[in-house]
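Structural overview for review
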Amino acid sequence: MDPPPILTSSDYAATSSAGEERHAEIKWDEIGFGIVSTDFMYVMKCSKGEDFGDGSLIPYGNIELPPSAGILNYGQGVLEGLKAYRTKDGSIVLFRPEENARRIKIGAERMCMPSPSVEQFVHAIKKTVIANKRWVPPFGQGSLYIRPLLLGTGSVLGLSPSPEYMLLIYTTPVKSYHKGPLNLVIKDELYRAISGPGGTGGIKSITNYSPAYKALNEAREEGFFDILYLDAATGKFIEEVTGCNIFVVKGNSITTPEAVGTILPGITRKSIIDIAIDLGYQVEERGVPVEELLQADEVFCTGTAVVINPVFSVTYNKTKAKYKTGSGTISSKLYETLTGIQTGLVQDIRGWTLQVD
């Protein structure tokens, strides 16, 4: 199989110009949260013990891997997720991409993988977005989801790190992952991550997600949208929903489980904490008992895909707690502020956004 052609600067200029002309042809109202084949993806490679070199843009499509690749046999890989937004004036911006770069480095170290520098990662993200800029939805109609994958691609049979690695970045235009308030269930016989040091709950390991499918499918068959997991050590404290962080509101106080060990340090989570403090709310990061959750005024989830999504109810054993949602809630204020920063409607006083075009 011949390698896909590398996109040269002249090829890109011609393709980009033609792509902008076709921008109006995309039916933005029909996109959801799924895969749309965009124009280009970015590939960067290195061997074990070496540093990542320059990467390149190639046409979006399938990749070739040996059947003995480390990612296929032993799941040696980490992923990231971030978005590009079109602002009201038509510019395209990224939101805190350097945080994704730092987080993928932490995950790579845990999985015995080399990783690109922060500068290489951000440069690769920018190039990928610019090459696919016709796929960035118009202001107010969605965003361009960016999925970086760091994969062990070299052949390995014994239990050892792969000899070769690839950073692959692809994109797809999306709307929000969830629509409307969520109804969650706590399953106290199911745990998302082991307690204590040594696990992978605090990184975005590729192996973290598919083990949750069975429990998630069962919850949805029972009429719930997702599962809120408890800590595995005591079964008394809330941790995360399957793919997002959680916050609990009581009065003027906002509490979220501390992101240590088993809980992913979400970038949206981190941003919401700072925004909430700026708006005058009291924010705590600590263990949150189930009983405190059930007595809350509001509950909401945060993440790149979900942004900020209110929770309508949480069911625990025979108890169903219901929460405030809609306009006037703290979660709605935080949502308006966060998305306003991301799209240029609210002043970015912290320098979180990065213009790419």
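Residues numbered from 1 in each chain as written. Predicted model: local features only at pLDDT ≥ 70, side-chain atom pairs only at ≥ 80, totals over all residues. Heavy atoms only, no water.

Now for the side chain of Thr337. Mapped onto the elements, Thr337 comes out in helix α8 (residues 330-343). There is a polar contact of 2.9 Å between the side chain of Thr337 and the backbone oxygen of Lys333. When near neighbours in sequence (up to four residues on either side) are disregarded, Thr337 contacts Ile275, Leu279 and Val346. (Helix = DSSP H or I, 4+ residues; strand = E, 2+ residues; numbered from the N terminus. Polar contact = N/O pair within 3.5 Å; in protein donor to acceptor, adjacent residues only side chain to side chain. Contact = heavy atoms within 4.5 Å.)

For the chain, the domain assignment lists domain 1 (40-174) and domain 2 (182-343). Inter-centroid distance (C-alpha atoms) of domain 1 to domain 2 is 26 Å. Facing 27 residues of domain 1, the contacting portion of domain 2 comprises 22 residues. Both sides of the domain 1 and domain 2 interface together cover about 1900 Å² of buried area, and 64% of this is carbon and sulfur. In this structure, the connection of domain 1 to domain 2 is made through one salt bridge. In this structure, Glu99 and Lys270 form a salt bridge, with 3.1 Å as the shortest nitrogen-oxygen distance. Remark: the boundary between domain 1 and domain 2 carries nine residue pairs in polar contact (both at pLDDT 80 or more). (Domains from an automatic or database assignment. Buried area = accessible area lost by both parts, 1.4 Å probe. Salt bridge = Lys/Arg side-chain N within 4 Å of Asp/Glu carboxyl O.)

With 12 residues, helix α6 (residues 267-278) should cover 16 Å at 1.5 Å per step; its first-to-last C-alpha distance of 17 Å lies within 8% of that length. Three or more residues of α6 are buried, namely Ile267, Thr268, Arg269, Ser271, Ile272, Ile273, Ile275 and Ala276. Downstream of α6 by a residue or two, Gly280 has a phi angle that is positive, lying close to 95°. (Expected span 1.5 Å × (residues − 1). Buried < 20%, exposed > 50% of the residue type's maximum accessible area, 1.4 Å probe, protein only.)

As a further point, take the packing of aromatic side chains. What the rule picks out here adds up to four aromatic pairs. Taking the centre distance of 5.6 Å and the plane angle of 75° together, the rings of Phe33 and Tyr145 count as edge-to-face. You can see Phe33 sitting in the loop between α1 (9-21) and β1 (40-47) and its partner Tyr145 sitting in strand β6 (residues 143-152), a full 112 residues away along the chain. Accessibility expressed as a relative area gives 10% for Tyr145, which makes it buried. Centroid distance Phe247 to Phe300: 5.0 Å. Interplanar angle 5°. Geometry classified as stacked. Taken together, the positions of Phe247 in strand β11 (residues 245-250) and Phe300 in strand β14 (residues 298-303) put the pair 53 residues apart, joining distant regions of the chain. Pair check on accessibility: Phe247 and Phe300 agree, each one buried. Over the ring of Phe225 we find Arg220, and its NZ or CZ is 4.9 Å from the ring centre. (Phe/Tyr/Trp six-rings, centres within 6.5 Å; stacked < 30°, edge-to-face > 60°. Lys NZ or Arg CZ within 6 Å of the ring centre and 35° of its normal.)

What follows concerns the packing of helix α3 (residues 97-110) against helix α4 (residues 118-131). Between α3 and α4, whose axes approach to 9 Å, the crossing angle comes to 125°. Comparing the axis directions of α3 and α4 gives the class oblique. α3 and α4 meet at a crossing whose hand is right-handed. Contact residues: α3 offers Pro97, Glu98, Asn100, Ala101, Arg102, Ile104 and Lys105, while α4 offers Val118, Phe121 and Val122. Its residues placed into classes, the contact of α3 with α4 shows six nonpolar, one polar and three charged. (Axes fitted to C-alpha atoms, helices over the stretch in contact; angles between N-to-C directions. Parallel < 35°, antiparallel > 145°, perpendicular 65-115°, else oblique. Left-handed = near helix turned anticlockwise from the far one by under 90°. Nonpolar A, V, L, I, M, F, W, Y, C, P; charged D, E, K, R; others polar.)

The next subject is the nonpolar core. Core analysis: the largest hydrophobic core is formed by 34 residues, its most contacted members being Ile125, Val129, Ile146 and Leu150. Of all the secondary structure elements, the ones that give two or more residues to this core are β1, β4 (82-86), β5 (92-95), α3, α4, β6 and β7 (164-174). With five residues, the top contributor of residues to this core is α4. Excluding anything up to four places from it in sequence, Ile125 contacts Leu82, Leu94, Ile146, Pro148 and Ile169. (Core = buried A, V, L, I, M, F, W, Y, C linked by side-chain atoms within 4.5 Å.)

As a further point, take the pattern of salt bridges. Enumeration over the complete set of coordinates arrives at 12 salt bridges. The closest approach of N and O atoms between Glu222 and Lys187, which form a salt bridge, is 2.8 Å. Taken together, the residues Glu222 in the loop between α5 (213-221) and β9 (226-230) and Lys187 in the loop between β8 (182-186) and α5 connect sequence positions 35 residues apart. Owing to a relative accessible area of 14%, Lys187 belongs among the buried residues under this scheme. Each of Arg96, Glu99, Arg102 and Lys270 takes part in a single network of salt bridges with overlapping partners.

With that out of the way, let us pick up unusual backbone geometry. Non-glycine residue Arg96 carries a positive phi angle of around 55°. Within the secondary structure layout, Arg96 lies in the loop between β5 and α3. One non-glycine residue, Asn317, adopts positive backbone phi at about 55°.

So, on to the packing of α6 against α8. Closest axis-to-axis distance for the α6/α8 pair is 10 Å, and the angle between their directions is 110°. Compared by their axis directions, α6 and α8 come out roughly perpendicular. As α6 packs across α8, the resulting crossing turns out to be right-handed. Across the interface between the two elements, Thr268, Ser271, Ile272, Ile275 and Ala276 from α6 touch Leu334, Thr337, Leu338 and Ile341 from α8.

A few words on the UniProt feature "modified residue: N6-(pyridoxal phosphate)lysine" (unreviewed entry) in the chain. UniProt marks Lys204 with the feature "modified residue: N6-(pyridoxal phosphate)lysine" (unreviewed entry), using the numbering shown here. Residue classification places Lys204 among the buried positions, given a relative accessible area of 15%. Among residues more than four places away in sequence, those in contact with Lys204 are Val78, Leu79, Glu80, Gly81, Arg103, Tyr209 and Leu264. (UniProt positions renumbered as here; feature names shortened; annotations may be inferred.)

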